[in-house]
Structures are given as C-alpha cells and as structure tokens.
Amino acid sequence: MGKRVLGVVVTVLAVAVSVISSVYVWGADGYSQADKHVHPSALSWLSLVVAVGAAVMLCWRHRWPELVCGIALVPPFLLSDALAALVALAALAAARRDRVLWLGGALVFAATALAVSRDAEWPQAVTMFGTVIAQSGPGKVIGTLVVAAVLTSIPLTVGLLRSTRADLRERERREEWLRAEMTRQEERSRIAHEMHDVLGHRLSLLSLQAGALEVSAPENAGAAARTVRSTAKQSLEDLRQVIGVLRDGRDFHLDGPAPALTDLPALVGQTRQAGVPVSLTMLLDQAAAPPQLGMALYRIVQECLTNIVRHAPGAPADVLIRGGAGAGVTLEVVNPIPPPGTVPPSPGSGTGLTGITERVTALGGHTNIGPTTNNTFAVQAWLPWPQPPRVQPE
C-alpha cells in the first residue's frame, strides 16, 4: 500500500512539473525583451499542446514505456522542453536493457541537447542555461553536449538502478521458491526412504510367510496365516498414510513412537518367525541412544534383514552393534551368500543400499558395503554418537 501511494505521488509530481516546465518554455520562447511581453507563435502553441499531452501520458510510462517515450520525444523537436522525455527515459531504462533502451537514450540525448541549445539563445531574463553556456561558437556546442549528457545520465541511472533492484527481488523470490522446492523434494525423498524401509521389510516377511503357509503342515497353517494377515494389515495402514501425504500434503509420520535401539529385539524376533535365523549382539555403554541415531540404526538393520529375506532366504544373519557415547557406534550385518542358482532372482534396483549410505552420510558417518573374501555379504557402518553434556552441580 505504501509503495502504491508513493508511486501515485511521484507520478503526480512528474506530470505537474512537466506541465509547468512546458508552460515556462512556451512563455520564454515568445518573450520579447523590448516590451517585456510574451508573443507566442502558432508553433509555440502547438508545442505547448503536444507537451501537455506528453506530460499526461507519463501516467502510463511504466505500462507502455516505449510508446510514452516516443510521444515525449515529439515536443523537444518542435519548440518545447525535454523534461517529459527525460522522465519517460527513466521508465524505459527500468523496463528494458536492450537496443531499444540505447536507441531511446540516444534520441532523448539529442532532444535534450536541442532544447538546451534553444534555451541558451533566450534573453538573460528567461534563460536557464545561458549563464553557463556560451552564446555561440565551439563553447556553445561543448557546453550544450555536456549539459545534455548530464541531464540524460540522471534518469538513465535512476532507471537502471530500479531495474537492478527489481532483478534482485525477482532473484530472491526465485531462490526462495527453489529453497522451498528443495525442502519439498527432501521431504518426498525422506518419505520414500521411510516407506521403502517399512513396507519393504513387512512385505518381504509377508512373502516369506505366504511361502511357508503354502508348504506348512495343517497344524501350523493357522499361525502362519495370522502372521500374514497381521503383516498385511500393517502394510496397508502404512500405505494409507503415504496416500494421504501425496493427496493432502500433510506431514508423514508412522503410528506410535519412532523406532529406537530398544526395538531391535522385536524386529529380530519377527524376522526369526519368518524363518530367518538372526543372531543379535549389542555391546553398548548405554541403550538410550539419541533418537535420530537410534532410528537410523533400526532402519539400517531393518533394510539389511529385508535384503536377506529377499536375496538369501533362510540364510543365517549376524547383527553386531557396539560402541557408546563419545566413541560412536559400529554396526555390522553379515550373511552368507547363497550359491548361484539356488535362489530365484528377486527384483530390486539397489535403492535400499543407497538409502543406507545416504542415511549414514547425513549423520556424519561412513559405510562399507559389499561381498567379502569369506563368501559373505557384509554391511558395515559407523555413526557418531556425541558425548552428552555434563550437568554442572548446583
């Protein structure tokens, strides 16, 4: 609102000053020093009318800068002043930075030089630049060009500065939009990683349980069916949350508290029920790890067990976690590689292992993932565990 009012005030002043200047030039051009009266000619009257029209057109100088600047160039080439052309040049410089601007600047400079040259020839009582410009000769030419250059450079500089500020504001808006888009992209990536970890693990267990149900004895079919139904129900609930995120844009969160190190035994127990012998060893100074660290370790182990279920079903797995506050945490998940041809190929693009690396790197750790010389596949990761601040005794 304040900028709009300021713009209206500036426009009113520009129009008023241009009209007053045109009226002054009209009177000065027809001024007779002999009888101290004004005797305007028909061309002076025509110039005044055109100049007033050009001054009024300054109200639309920012909407049609090229047109307004072209109209404002007409009065100086008759017998009027070039003030409206100078004001229009500032608007043109704020709108464009191409050949049109430099052509308009050259024409405004020429029109201003012509108006200054006429002013220098008026009587001393009405002239404005005659006191600093010679009446004739090279001094008049040089003085006219210098004054015209100064007068033209002022609106040109103002317009360029305004254009630069507008470009900076536009760049700030674009950078803000890009930052917001990057934030949204990071959030979508986080959601994708979380759902890959959660749904991938549960659906892999579901597939394994379904296979066990297919070949199990009748007395074991009920327990396997209940496990399949429970896993499928949890997966569907997670899927509904993802659909809600993508449809409504609400924040993503799983039901219940975020997983932590204390939840690893339950995760290993579920995997054992699915038929995968898992050995879990935790050698930690304290189990209460920071929430972000605990969740990262849980997700990494979850992804490793999911890969074992998919690519090496039935193979034993050893999970070792050791470390503590200040020293960091070392995680190692090892499983034997099944012989070629014994396991049907499982679809996958390696995004899970990539997600493990990204998750560890984001926390300032490092990973080592791949087959070993002992015909096993190992996922090794180290994550920092900051030392908690000491509480000063009172």
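Residues numbered from 1 in each chain as written. Predicted model: local features only at pLDDT ≥ 70, side-chain atom pairs only at ≥ 80, totals over all residues. Heavy atoms only, no water.

Novice: I keep staring at the overall build of the protein and nothing clicks. Help me out?
Specialist: In terms of regular secondary structure, the protein is built from ten helices and seven strands. The buried share among the 394 residues of the protein stands at 36%. Of the contacts made within the protein by residues no fewer than 6 positions apart, 66% connect residues no fewer than 24 positions apart. Surface accessibility of the protein: about 22,400 Å² in total, with carbon and sulfur atoms responsible for 63%. (Helix = DSSP H or I, 4+ residues; strand = E, 2+ residues; numbered from the N terminus. Buried < 20%, exposed > 50% of the residue type's maximum accessible area, 1.4 Å probe, protein only. Contact = heavy atoms within 4.5 Å. Areas by Shrake-Rupley, 256 points an atom, 1.4 Å probe, with all protein chains shown as cover.)

Novice: How should I be thinking about the packing of aromatic side chains in this particular structure?
Specialist: Pairs of aromatic rings are described using the distance from one ring centre to the other and the angle between the two planes. Under the criterion given, the structure shown has one aromatic pair. Sitting over the face of the ring of Trp64, Arg63 holds its NZ or CZ atom 5.6 Å from the ring centroid. (Phe/Tyr/Trp six-rings, centres within 6.5 Å; stacked < 30°, edge-to-face > 60°. Lys NZ or Arg CZ within 6 Å of the ring centre and 35° of its normal.)

Novice: What is the right way to read the confidence of the model for the protein from this model?
Specialist: When pLDDT is low, close inspection of the predicted coordinates is not appropriate. The predicted model of the protein averages 80 in pLDDT, with 75% of residues at 70 or higher. Confidence, expressed as mean pLDDT per element, reaches its minimum in the protein at helix α7 (residues 218-248) with 62 and its maximum at strand β7 (residues 376-383) with 94. (pLDDT = per-residue confidence, 0-100.)

Novice: What should I look at first to understand the nonpolar core in this one?
Specialist: Burial of nonpolar side chains together is a common tendency in soluble globular proteins. Counting 30 residues, the largest nonpolar core has Val301, Ile321, Leu331 and Leu383 as the members making the most contacts within it. Secondary structure elements with two or more residues in this core: α8 (264-273), α9 (291-311), β4 (317-324), β5 (328-336), α10 (351-362) and β7. Setting aside anything within four residues of it in sequence, one finds Ile321 in contact with Leu261, Leu264, Thr281, Met282, Leu283, Leu284, Val301, Val329, Thr330 and Leu331. Grouped together as the second largest cluster of nonpolar side chains are 19 residues, Leu73, Ala84, Ala88 and Ala93 included. (Core = buried A, V, L, I, M, F, W, Y, C linked by side-chain atoms within 4.5 Å.)

Novice: Looking at this structure, how should I read the pattern of salt bridges?
Specialist: Oppositely charged side chains may form a pair once their charged atoms are brought near each other. Per the counting criterion, the structure on display carries four salt bridges. Here Arg96 ties to Glu66 by a salt bridge, and the two come within 2.8 Å at their closest N and O atoms. Separated by 30 residues along the polypeptide, Arg96 in the loop between α4 (83-95) and α5 (99-120) and Glu66 in helix α3 (residues 65-72) bring together distant segments of the chain. On the accessibility criterion, Glu66 (34% relative accessible area) is partly exposed. As a salt-bridge pair, Asp167 and Arg97 come within 3.8 Å of each other at their nearest N and O atoms. Within this pair, whereas Asp167 is found in helix α6 (residues 137-215), its partner Arg97 is found in the loop between α4 and α5, the two being separated by 70 residues in sequence. Residues participating in the shared-partner salt-bridge network are Glu66, Arg96 and Asp98. (Salt bridge = Lys/Arg side-chain N within 4 Å of Asp/Glu carboxyl O.)

Novice: Honestly, the pairing of strand β6 (residues 366-371) in this entry has me stumped. Any pointers?
Specialist: Note: β6 against β7, six bridges, orientation antiparallel. In the strand pairing of β7, Thr367 is matched with Ala381. Adjacent in sequence and paired antiparallel, β6 and β7 are bridged by four residues, among which Asn375 carries a positive phi angle near 60°. (Pairing = 2+ DSSP bridges.)

Novice: Would you mind showing me how to read α9 here?
Specialist: In an α-helix, one full turn covers 3.6 residues, which means residues spaced three or four apart are oriented alike. Look at α9: 30 Å from first C-alpha to last across 21 residues, which is about the 30 Å you get at 1.5 Å a residue. Along α9, 16 of the 21 residues are buried, which leaves the element largely enclosed by surrounding structure. (Expected span 1.5 Å × (residues − 1).)

Novice: Would you mind showing me how to read the pairing of β7 here?
Specialist: Direction of pairing for β5 relative to β7: antiparallel, over a ladder of eight bridges. Looking across to β7, one finds that Val334 is bridged to Ala378.

Novice: Could you clarify how one ought to interpret the sheet that holds strand β3 (residues 278-284) in this entry?
Specialist: Two strands in a sheet stick together by hydrogen bonds in their backbones, pointing the same way (parallel) or opposite ways (antiparallel). Read from one edge to the other, the open sheet built from five strands follows the order β3-β4-β5-β7-β6, with strand pairing classed as mixed. At either end of the open sheet lies a strand with only one pairing partner, and these are β3 and β6. Each strand axis lies, on average, 5° off the axis of its neighbour in the sheet, ignoring direction. In the packing of α8 onto the sheet, the strands contacted are β3 and β4, and the crossing angle to β3 comes to about 170°. Sitting on the sheet, α9 touches β3, β4, β5 and β7, and the angle it makes with β5 is about 5°. (Axes fitted to C-alpha atoms, helices over the stretch in contact; angles between N-to-C directions.)

Novice: Any chance you could explain the packing of α4 against α5 here in plain terms?
Specialist: If you want to describe how two helices pack, look at the angle between their axes and the distance between the axes. Between α4 and α5, the least distance of the axes is 10 Å, while the angle of their chain directions is 165°. With respect to each other, α4 and α5 are oriented roughly antiparallel. Our pair here, α4 against α5, has a crossing hand that is left-handed. Contacts between α4 and α5 involve Ala85, Leu86, Leu89, Leu92 and Ala93 from the former and Val100, Leu101, Gly104, Gly105, Val108 and Thr112 from the latter. A breakdown of the residues in the contact of α4 with α5 according to their chemical character gives eight nonpolar, three polar and no charged. (Parallel < 35°, antiparallel > 145°, perpendicular 65-115°, else oblique. Left-handed = near helix turned anticlockwise from the far one by under 90°. Nonpolar A, V, L, I, M, F, W, Y, C, P; charged D, E, K, R; others polar.)

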